[in-house]
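The chain contents come next:
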Amino acid sequence: MIRVVVVRDEGYFGVPVRAFLETEPDMHYVDTLPIGGDLAQRAAQLWPTVVVIDTQYMVSQVLPIADELHAAIPSCSMLLLCDPSKRGMLPPRRWNGGLNFLVKDSSPPMLADAVRRLARGERVVSPMLQAASLNTDRGLSTRELEVLGLAAEGESVKEIAGRLYLSGGTVRNYLSAIISKTGARNRLDAIRIARKQGWLR
């Protein structure tokens with residue numbers, strides 16, 4: 001039996017994953033957990049086979065969450081539902097992590113097939129999302145957007161360094177590079193620019 005846990009923003013209804021999967025005889029919907037706080041620890045207590053992440057956050061803001069989930073549940077696969085019309089939701093061009101990507105408006109059979117493939121240990125990346133990602137101009141690297149995404153959530157340099165397993169100096173270097181690349185006046189201005197361009201929520 002494939003145990004599925006859904007992770008989403010609190011108050012965001014998004015894709016009806018539970019309704020899509022509950023009729024599948026080989027799947028068991030376990031629970032929906034809100035993003036934030038001790039998410040990884042709460043998810044680990046549910047022993048999911050697959051975690052489906054349905055959020056309004058951009059990919060760079062989901063990557064640190066996915067890393068924490070993977071550290072807490074190494075055997076679990078993760079599937080992020082993405083909106084291809086939002087460039088911040090497109091998969092990174094080079095990504096070897098445990099996160100998989102499927103279009104948000106995929107049909108119930110497509111979602112179920114993706115979950116089964118993940119449960120078998122396969123990787124899933126929607127061709128539509130891959131193509132859109134390759135054709136999108138990116139001013140910042142995936143890691144730079146991760147750093148900026150955490151800064152946008154109000155995290156300090158020390159907190160960002162802890163979550164991304166970097167030194168404080170490396171985080172400061174990333175922030176300086178981001179400010180330079182975006183032409184921003186400071187970190188807050190860089191966050192504003194990234195949000196306006198659709199890279200951050």
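Thresholds, definitions, all that
- Residues numbered from 1 in each chain as written.
- Predicted model: local features only at pLDDT ≥ 70, side-chain atom pairs only at ≥ 80, totals over all residues.
- Heavy atoms only, no water.
- Helix = DSSP H or I, 4+ residues; strand = E, 2+ residues; numbered from the N terminus.
- Buried < 20%, exposed > 50% of the residue type's maximum accessible area, 1.4 Å probe, protein only.
- Contact = heavy atoms within 4.5 Å.
- Areas by Shrake-Rupley, 256 points an atom, 1.4 Å probe, with all protein chains shown as cover.
- Lys, Arg positive; Asp, Glu negative; His and termini not counted.
- Charge placed at Lys NZ, Arg CZ, Asp CG, Glu CD.
- Core = buried A, V, L, I, M, F, W, Y, C linked by side-chain atoms within 4.5 Å.
- Pairing = 2+ DSSP bridges.
- Axes fitted to C-alpha atoms, helices over the stretch in contact; angles between N-to-C directions.
- 1 Å grid on protein atoms, 1.4 Å probe; cavity = no way out; pocket = protein on both sides within 12 Å on 5 of 7 lines; lining within 4 Å.
- Points joined across faces, edges and corners; volume = space filled by probe spheres on them.
- Nonpolar A, V, L, I, M, F, W, Y, C, P; charged D, E, K, R; others polar.
- Expected span 1.5 Å × (residues − 1).
- Arc of directions from axis to C-beta.
- Salt bridge = Lys/Arg side-chain N within 4 Å of Asp/Glu carboxyl O.

In the annotation of an unreviewed UniProt entry, the entry for the chain reads Response regulator transcription factor, and the organism field reads Actinoplanes aureus.

(A) Molecular detail of the overall build of the chain. The helix and strand tally for the chain stands at 9 helices and 5 strands. Each principal axis of the C-alpha distribution contributes one length, and for the chain these read about 55 × 35 × 30 Å. Counting the 201 residues in the chain, one finds 47% classified as buried. Within the chain, residue pairs in contact and separated by at least 24 positions form 71% of the contacts whose partners lie at least 6 positions apart. Accessible surface for the chain amounts to roughly 9,900 Å². Of this, 51% is attributable to carbon and sulfur atoms. In the chain, 25 side chains carry a positive charge and 21 a negative one; their mean positions are 6 Å apart.

(B) Here's a closer look at the nonpolar core. Counting 28 residues, the largest nonpolar core has Val51, Ile53, Leu69, Leu80, Leu99 and Phe101 as its most contacted members. Only strand E1 (2-8), helix H2 (39-44), strand E3 (50-54), helix H3 (59-72), strand E4 (77-82) and strand E5 (99-103) provide two or more residues apiece to this core. Top element by residues in this core is H3. It accounts for 6 residues. Filtering out sequence-adjacent residues up to four positions away, Leu80 remains in contact with Ile53, Thr55, Val59, Val62, Leu99, Asn100, Phe101 and Leu102.

(C) Main features of the sheet that holds E3. The strand order across the open sheet formed by 5 strands is E2-E1-E3-E4-E5, and the pairing between neighbours is parallel. A single partner strand is all that each edge strand has here, and the edge strands are strand E2 (27-34) and E5. Pairs of neighbouring strands in the sheet enclose a mean axial angle of 25°, with direction left out of account. Strand direction decides the pairing type here: E4 and E5, joined by 5 bridges, are parallel. By the bridge assignment, Met78 is partnered in E5 with Leu99. The sheet contacts of helix H4 (residues 108-119) involve E1, E2, E3, E4 and E5, and relative to E4 the element is tilted by about 155°.

(D) Inspection of the layout of surface pockets at higher detail. In this structure, the largest pocket spans a volume of roughly 340 Å³. Ile35, Gly36, Ile65, Glu68 and Arg163 are the residues nearest the centre of the largest pocket, which is lined by 18 residues in total. Ranked by residues supplied to the lining of the largest pocket, first place goes to H3 with 5 residues. The class makeup of the residues in the lining of the largest pocket is 8 nonpolar, 5 polar and 5 charged.

(E) Expanded view of helix H8 (residues 168-182). In a regular helix each residue adds 1.5 Å, so 15 residues correspond to 21 Å; H8 covers 21 Å between its end C-alpha atoms and thus fits that length. Of the positions making up H8, those classed as buried are Val171, Leu175 and Ile178. Buried residues of H8, viewed axially, fall in a sector of 60°; they line one side. Residues of H8 that are exposed and point more than 90 degrees away from the buried face comprise Asn173 and Ser180.

(F) Layout of the pattern of salt bridges. Going through the model one piece at a time under the given rule, you end up with 14 salt bridges. A salt bridge links Glu22 to Arg18; the nearest nitrogen and oxygen atoms lie 2.9 Å apart. Note on Glu22: relative accessible area 46%, which makes it partly exposed. Overall, Arg18 belongs to the partly exposed group, its relative accessible area being 46%. With a shortest N-O distance of 2.8 Å, Arg192 and Asp189 are connected by a salt bridge. Residue Arg192 and its partner Asp189 are located together in helix H9 (residues 187-196), separated by 3 residues, close to a single helical turn. Residue classification places Asp189 among the buried positions, given a relative accessible area of 5%. Beyond isolated ion pairs, a larger network of salt bridges with shared partners links Arg8, Asp54 and Lys104.

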